[in-house]
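Chain by chain, the residues:
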Amino acid sequence: MTVSHAGSILATLTQVNRMGLLADRVKNLPMGEFICILDFITAEFQQFLRAIELINNEAIETLLEQLLDAFTLKIGQILEADRTTIFLINRSKGQLWYKTSPENNETDGEGNSDSKHTEEIRLPMDVGILGHVACTGEALNITDAQTHEFFDPAIDQPSGYEARSILCMPIFSTQNPQEAVAVVRLLNKAGDRPFTEEDEQQFRSFADSIGIILESCQSFFVAARNQRGVAALLKATTTLGQSLDLETTLLSVMEQARDLMQADRSTIFLLKKETEELWTKVAKADGKTMMEIRIPANKGIAGYVASTGQVLNITNAYADPRFDPTTDRKTGYRTRNILCMPVDNAKGELIGVTQLINKHKGSFTDSDEEFLRAFNAQAGIALQNAQLFENVMVEKQYQKDILQSLSDVVISTDLQGRIVTINDAALELLGCPRHRPRHRQIREYWESQLSGQYIWDVLPIENLQLRLEDSLKFAARHFVPEQSLTVGLVEMIVGEFGDTTPIPILVVPDEKKPDIYHVWGQEYQPLDGNSLADNEAIASEIRLLERSINLTVNPLTNPEGGVRGGLVVLEDISREKRMKTTMYRYMTPGVAERVMALGEDALMIGERKEVTILFSDIRGYTTLTENLEASDVVALLNQYFETMVEAVFSHEGTLDKFIGDALMAVFGAPLPLRDNHAWMAVKSALDMRKRLKDFNESRPNEPQIKIGIGMSSGEVVSGNIGSQKRMDYTVIGDGVNLSSRLEQLTKLYGCDIILSEMTYHLCGDRIWVRELDKVRVKGKNNAVNIYELIASKSQALDDELVEFLGYYNLGRQAYLARDFALAIQHFEVAQKMRSDDRAVEIHIGRAQNYLQNPPPPDWDGIHTMTTK
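Let me begin by describing the structure that accompanies this report. (Residues numbered from 1 in each chain as written. Predicted model: local features only at pLDDT ≥ 70, side-chain atom pairs only at ≥ 80, totals over all residues. Heavy atoms only, no water.)

1. Quick notes on the pattern of salt bridges
Right, so step 1: Here the structure, examined in full by the defined rule, presents 25 salt bridges.
Right, so step 2: Salt-bridge contacts for K189 lead to E80; the nearest nitrogen and oxygen are separated by 3.8 Å. Remark: E80 occurs in the loop between α4 (60-79) and β1 (81-90) and K189 occurs in strand β6 (residues 180-189); sequence separation between them is 109 residues.
Right, so step 3: You can call K189 buried: its relative accessible area is 5%. (Salt bridge = Lys/Arg side-chain N within 4 Å of Asp/Glu carboxyl O. Helix = DSSP H or I, 4+ residues; strand = E, 2+ residues; numbered from the N terminus. Buried < 20%, exposed > 50% of the residue type's maximum accessible area, 1.4 Å probe, protein only.)

Put into structure tokens, the structure is as follows:
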């Protein structure tokens, strides 16, 4: 029995608006016709199942290649062509392509061949005879190819082959009969005969069938690729979400991308914006150790994609100028084709580049690009999450490092007041040893014991619990100065350490019974069967630690402003730290540490030392600041002193004090210097001169600062003056007074740095100076030679300055020899060279006066100052 006009029943039922059609058709059918319809439907389903089996069969990958090989061979035999090639058309890329067989592989651009793989040859579809046939669908039968107007030797004849006659025939689509899906090219008919119209007709007799087969095969091929691609993509995206570790995620992305795209190799380069680099990690030869690779973000294939955001699908790597074959030459690996695509995060920002090398079969297709684009969308999210997680971990470690580096005690708590984190300074304050065998192990043990404890049980500070609970409940902040903290240490054997060596354990006095101590601040537990309070031997070994601290309690808040914990900060202001803090104000930390190593009372004892004192002062300070606001004056002085103090500290000086706009520094105390203290003071003064020049140049539109510096060397008494709670380190002696007077003399002599003869004699071989005068400063009986500091001898003097100093020194010699007329002559020559030199002007004035009123016979050139 048959059913008329059965057609494809299932195909009919899948059409739109066909709901209920089959039910209407079968409701009035007799049994025999109904069974016949069932047979038709069964047969169609069997065909569908066979099609599905074909799609799922991995052999579909090679089916198209085998069909093309068979068709190529048979067409060439039928039409007696020397060479036959079937070119498939890829209109989306504007290309013609075919695959070479392994035995006929052509060479690449480097002259290397590959006999292991079939190779895709891709040509533009709008060039040459091939391009004309592909674009127009017009068949061409050419007897003399070399003279034809469309002939292009790079396209229309294989390398090393001469095409004479060509028959180029299109194969059309069954869906669109006007559009070619392939072009068959036949070269050089046997016997040097031309191809005939009969050959063309013979080709057309089977061309439609070949077209149907090719289209069907490509459809199956695409369906199979899509199905396997979807399965691989699902597996890949599922795998990508299984780790937040960046390195693990990076390796997973590379592995899944390689499997998905059926490529030899895959690499995921991540973009580091700060350095404009692409980086990745790959396994070394051992397959376990990872090594990092970094390349510029604008170099090579990956760099091009990263900088432009474009997708690169390169079918012949050696033909692309962006490809660098150096690595291939070194490793012996041959790169055939590359698919490179940007990876974006959820915001659409570039975070990396996916690069795939050498597809197992053929080249990467449009379908591959679509799958990789979908894969990259998931990979981008996975990589972004891993990067964010790594950033969080880095930030967490950064915060932990900051916490541990703080010199103040910092302890964080949860909302119940239990300890969450505790830094090294806190452990040290409580007595955890730093310099002791196994100190790291001991520290970790202390951390484990203290974590989770209520902070007020560990830190017996008055009202700490009340203040912290107030902070946790109401986000209140508390600062309480000068609090007392008393805890104890007792040596105990700890089973976790596996030996009988006792280690220090924290014990905290009971709030109500000060004679009883609780281990780790917990409710009392018997120790070795006895309580600490009853065990006199152990109780007697408790070593008490008494600290004076400043207490700060702050809430820890979340972004919404809610309290999520507490932060307790303790500043140790006990004697040692108070001394360090005080010393850091006037000496470098390194010097302060060396002083502290001498003992806590080292600076409280006066000592006599040979030192050099330096005084510096701002010239015309009152005039300079009279038009400035008070805040501007303070800001100016702070900026100025910032760089001047650095000049002192850089040359191992100790800052004694600030006196308004003046600065006093000591070189050689409290500790002796590694070099001559006078030379270090001179270097500091020269550094001040240079820093002042830079400081003035940095503020060209502001009033320019000028300073005077006086220096003298000698014996002084040094030490801290004051009490342990308020002390100032200083020096006392004639050298201090003389340095101050010399600084004031810089105004009179019009120079910026003056040395006493004591300082000059200690480092005169290292500096250029000129003798200014021999003076008796106010309040002193003894006269002293003073010198202007010109420069270090490491700096050569210019000829003009040398000549000036020569005449000045001749004038000075004549002046001291009482030949005032000759002195005036020399000084006047020097004055012509430097008309504003105050020292020259002073000597000319004195010499002229002595010509009119000669000095007494015992005159020795000393000038007595009548003012400070």
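That was the structure; now back to the text.
2. A short note on the sheet that holds strand β17 (residues 517-519)
Strands belonging to one sheet form pairs held by backbone hydrogen bonds; the direction of such a pair is parallel or antiparallel.
Right, so step 1: Here we have seven strands laid out as an open sheet, ordered β14-β13-β19-β18-β15-β16-β17, and antiparallel in their pairing. With partners counted over all chains shown, the strands left at the sheet margins are β14 (419-422) and β17, one partner each. Averaged over all adjacent pairs, the angle separating strand axes in this sheet is 40°, with direction ignored.
Right, so step 2: Bridge count between strand β18 (residues 543-557) and strand β19 (residues 563-572): nine bridges; the pairing is antiparallel. Looking at the pairing, L556 lines up with G565 of β19.
Right, so step 3: Its contacts with the sheet put helix α13 (residues 439-450) on β14, β15 (478-492) and β16 (503-509), and the angle it makes with β16 is roughly 30°.
Right, so step 4: Each of β13 (409-413), β15, β18 and β19 is contacted by helix α15 (residues 464-474), which is oriented at about 15° to β18, the strand it contacts most. (Pairing = 2+ DSSP bridges. Axes fitted to C-alpha atoms, helices over the stretch in contact; angles between N-to-C directions. Contact = heavy atoms within 4.5 Å.)

3. A look at the environment of E292
Right, so step 1: In this structure, E292 sits in strand β9 (residues 290-296).
Right, so step 2: On the basis of relative accessibility, which here comes to 41%, the residue E292 falls in the partly exposed class.
Right, so step 3: The spatial distance from the C-alpha of E292 to the C-alpha of K281 is 4.4 Å, given a sequence separation of eleven residues.
Right, so step 4: Ignoring any residue separated from it by four or fewer positions in sequence, one finds E292 in contact with W279, T280 and K281.

4. Observations concerning helix α9 (residues 300-308)
Right, so step 1: For α9, the complete set of buried residues consists of I301, A302, G303, V305 and A306.
Right, so step 2: G309 sits one or two residues past α9 and shows a positive phi near 75°.

5. As for a negative patch on the surface
Right, so step 1: Judged by side-chain charge, D798, D799, E800 and E803 come together as a negatively charged surface patch.
Right, so step 2: Following the sequence through the fold, D799 ends up in helix α24 (residues 799-816).
Right, so step 3: A relative accessible area of 66% places D799 in the exposed class. (Patch = residues over 30% accessible without salt bridge, like charges linked within 9 Å, V, L, I, M, F, W, Y side chains within 5 Å. Areas by Shrake-Rupley, 256 points an atom, 1.4 Å probe, with all protein chains shown as cover. Lys, Arg positive; Asp, Glu negative; His and termini not counted. Charge placed at Lys NZ, Arg CZ, Asp CG, Glu CD.)

Structural measurements only, silent on function.
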